[in-house]
Amino acid sequence: GGIKGRIKWIAPRTQGQDWFWGANLEIGRVARDLDLNPWNAELKGIVGARKGRWTLAGNLNIDWVVSGPQHGPVEFQIATKAAYRLDDKTQIGLESYNDLGGGSGFGKLSRQDHQTYLALDRSLGPWDLNLGVGRGYGRPEDRWIVKLIVGVPIGS
C-alpha cells in the first residue's frame, strides 16, 4: 500500500561477540485508503544475538505522523524475530509485530494490531532481500499479508 525509505545502522561487533545493537529510521508514504495521514515515520531501537545458526532479535518501534490531517500521539510497537541460517546467504524464521498503543495511554493488546510472518532473508551480492508471508490478528485485522524489503547498500 505504499513505499518507505529506510536508513539502518548496526554497531560493529568484535571478534566472538554474539550480541548486536543498532537503530533504524524509516519515512514512508501510504495510500490514503490505508491511512488518512499519508506520510509517517518510525524509529527503531534494535538488539539481538547470533549463536551458531540462530539469530534472535527485538525492536522497540516508535511511530509518528509526519504529514496529514489527523496528528495523534506517538505509537509504540514491539517486533521480534527468530531465524535459522541455512547457509552463508539464506535464513528462514518467524517475525512478529505487535502494536502496544499510543503515547497517551496503552490499550488492551486484544484491541491492537498484530502480525506474524514466515520470512526468508537472502543476500544477493551486496543487496539483501527479506520476503515474508504473514497473517494479522487483533484489531484492526489484516488477514493475509505479503511483504518484501530490498536492502540497498550505501557506502562501504
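It should be emphasised that the depicted structure is a prediction, and the values quoted were computed from it without experimental measurement.

Let us now look at the overall build of the protein. In terms of regular secondary structure, the protein is built from zero helices and ten strands. Along the protein, helices and strands appear, N-terminal first, in the series β-β-β-β-β-β-β-β-β-β. In terms of overall dimensions, the protein is globule-like: its C-alpha atoms have a radius of gyration of 16 Å, near the 15 Å expected for 156 residues. Based on the C-alpha atoms only, the size of the protein along its principal axes is roughly 45 × 35 × 25 Å. When each of the 156 residues of the protein is scored for burial, the buried share is 31%. Total accessible area on the protein is roughly 10300 Å²; 61% of this is exposed by carbon and sulfur atoms.

This part covers the environment of Gly52. Mapped onto the secondary structure, Gly52 falls in the loop between strand S3 (39-51) and strand S4 (54-67). According to the relative accessible area criterion, Gly52 is exposed, its value standing at 62%. Linking Gly52 and Thr90, residues 38 residues apart in sequence, is a C-alpha distance of 14 Å.

Our focus in this paragraph is the environment of Lys81. Residue position: Lys81 is located in strand S5 (residues 75-85). As for Lys81 and Leu43, which are separated by 38 residues in sequence, their C-alpha atoms are 17 Å apart. Leaving out residues up to four positions away in the same chain, Lys81 has contacts with Thr55, Leu56, Ala57, Gln91, Leu94, Glu95, Asp121 and Asn130. Side chain to side chain, Lys81 and Glu95 meet in a polar contact 3.1 Å long.

Here is what the cut-offs are and how they apply
Residues numbered from 1 in each chain as written. Predicted model: local features only at pLDDT ≥ 70, side-chain atom pairs only at ≥ 80, totals over all residues. Heavy atoms only, no water. Helix = DSSP H or I, 4+ residues; strand = E, 2+ residues; numbered from the N terminus. Rg over C-alpha atoms; globule rule 2.2 N^0.38 Å. Buried < 20%, exposed > 50% of the residue type's maximum accessible area, 1.4 Å probe, protein only. Areas by Shrake-Rupley, 256 points an atom, 1.4 Å probe, with all protein chains shown as cover. Contact = heavy atoms within 4.5 Å. Polar contact = N/O pair within 3.5 Å; in protein donor to acceptor, adjacent residues only side chain to side chain.

All quantities given are derived from atomic positions and should not be read as evidence of function.
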